[in-house]
Amino acid sequence: MQQKLTKMFATRTLLAGIILTCAAALSAHAQDAPAPAPVNAGGKWVEISTEDKMTLAKKTRLELEADNFLRDSAYHKPRIQIFCENGKYKFANFIPNVKLGPPDHPGFFWGQPQLEVLVRVDESHSRHGWNWLRARSLSMDKGTVRELIGAKVFKIEFRTPEGPDIAEFSPASLSLDRVGKACDLTPKRPSNDD
């Protein structure tokens, strides 16, 4: 009899635990706002807009996925993300979705490690030292971002532990009105450094 009561108590405790866990998950899900849906921003670009609940800041992220997979990434293509807040540009990142090579020199300010990249914008080529972030992404400079939004061809050559690799992008057809409104950015013609 004692064994039967113990089994019944254990079963009821397990069932009550499952019900409470499910109720907590549903409650937490109901309180979260639904994730914003990406909207086409022209060509291969997508725009994701949100509003910060505490500050009411309007945040916009523009994303462009590469045309190619890199040799060490069969599942995710590289991408570029441009972040803006309250109609102003904040920063942009290049995310290769492969491990980056080690930084090759310190930056101008605070010694932030940088990795040199070669960038092609249409027919122009230039070298840049982009800040190395967590061995998985690089912080792009604003001038290159302005060149990117007006380009037809955009390529980034960078180092991985296995050697150089190239991410190829097709940025044409981005809605410049959208970028102007969300980020206060205008396109810039590249200057040929190399």
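Residues numbered from 1 in each chain as written. Predicted model: local features only at pLDDT ≥ 70, side-chain atom pairs only at ≥ 80, totals over all residues. Heavy atoms only, no water.

Some points on the packing of aromatic side chains
In the structure shown here, the tally under the stated rule is four aromatic pairs. Note on F94 and F158: the rings are 5.3 Å apart at their centroids and 70 degrees apart in plane angle, and the pair reads as edge-to-face. Of this pair, F94 sits in strand 5 (residues 88-95) while F158 sits in strand 10 (residues 154-160); the two residues are 64 residues apart in sequence, bridging distant segments of the chain. For the pair formed by F94 and F158, the shared burial category is buried. Ring geometry for F94 and F169: centres 6.3 Å apart, planes at 80 degrees, overall edge-to-face. One end of the pair, F94, is in strand 5; the other, F169, is in strand 11 (residues 163-169), with 75 residues separating them in the sequence. When sorted by exposure, F94 lands in the same class as F169, which is buried. Each member of the aromatic cluster is reached from another via a ring pair, and the members are F94, F154, F158 and F169. (Phe/Tyr/Trp six-rings, centres within 6.5 Å; stacked < 30°, edge-to-face > 60°. Helix = DSSP H or I, 4+ residues; strand = E, 2+ residues; numbered from the N terminus. Buried < 20%, exposed > 50% of the residue type's maximum accessible area, 1.4 Å probe, protein only.)

As for the side chain of E63
Relative to the assigned elements, E63 resides in strand 3 (residues 58-65). In terms of polar contacts, E63 uses its side chain to reach the side chain of R61, at 2.6 Å. A polar side-chain atom of E63 sits 2.8 Å from a polar atom in the side chain of Q81. (Polar contact = N/O pair within 3.5 Å; in protein donor to acceptor, adjacent residues only side chain to side chain.)

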